[in-house]
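Letter by letter, the chains look like this.
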Amino acid sequence: SEQRRSRRFELRLPVELIRTGTKRVSHVLETKNVSSSGILFTDPTDRLEVGQSIEYMISLPTGRQIGEVR
């Protein structure tokens, strides 16, 4: 049975991986699912280690033809 505290939503959104630890990177990826406690995204070519600190930015659609919320 499901053990998660937060409900996960299957969302495919653009996400940019900005930093891994102290190293600045730029990988454009896609989320697989999102919850209030985290996200699951496609694996970048540079493998991440479990517990590694990262920074990322998700782009949210605005419902308009132009624009997005980051």
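See the structure printed just above.
Worth saying up front: this structure is predicted, and the values here are computed from it rather than measured.

Undergrad: For this particular structure, what's the right way to read the overall build of the protein?
TA: Scanning the protein for helices and strands turns up 0 helices and 6 strands. Listed N to C, the secondary structure of the protein is β-β-β-β-β-β in terms of helices and strands. With 70 residues in all, the protein has 27% of them scored as buried. Restricting to contacts in the protein with at least 6 residues of sequence separation, those with at least 24 account for 44%. Per element, the accessible surface of the protein, about 5700 Å² overall, is 48% carbon and sulfur.

Undergrad: What's the story with the sheet that holds strand 1 (residues 14-20) in this structure? I'm lost.
TA: The pairing of strands in a sheet happens through backbone hydrogen bonds and is either parallel or antiparallel. Across the sheet, which stays open at both edges, the 4 strands sit in the order 3-2-1-4 with antiparallel pairing between neighbours. In the strand order of this sheet, the two ends are held by strand 3 (38-41) and strand 4 (54-58), each with one partner. Taken pair by pair, the neighbouring strands of this sheet meet at an average axis angle of 50°, ignoring direction.

Undergrad: Would you mind going over the pattern of salt bridges with me for this structure?
TA: Side chains bearing opposite charge may pair, as long as their charged atoms lie close to each other. Tallying each qualifying case throughout the model produces 2 salt bridges. Residue E10 pairs with R12 through a salt bridge whose shortest N-O separation is 3.9 Å. Pair check on accessibility: E10 and R12 agree, each one exposed. For the salt bridge of R19 with E55, the shortest nitrogen-to-oxygen distance reads 3.2 Å. Of this pair, R19 sits in strand 1 while E55 sits in strand 4; the two residues are 36 residues apart in sequence, bridging distant segments of the chain. Among the residues examined, R19 registers a relative accessible area of 23% and is labelled partly exposed. Its relative accessible area of 39% is what places E55 among the partly exposed residues.

Quick notes on the rules
- Residues numbered from 1 in each chain as written.
- Predicted model: local features only at pLDDT ≥ 70, side-chain atom pairs only at ≥ 80, totals over all residues.
- Heavy atoms only, no water.
- Helix = DSSP H or I, 4+ residues; strand = E, 2+ residues; numbered from the N terminus.
- Buried < 20%, exposed > 50% of the residue type's maximum accessible area, 1.4 Å probe, protein only.
- Contact = heavy atoms within 4.5 Å.
- Areas by Shrake-Rupley, 256 points an atom, 1.4 Å probe, with all protein chains shown as cover.
- Pairing = 2+ DSSP bridges.
- Axes fitted to C-alpha atoms, helices over the stretch in contact; angles between N-to-C directions.
- Salt bridge = Lys/Arg side-chain N within 4 Å of Asp/Glu carboxyl O.

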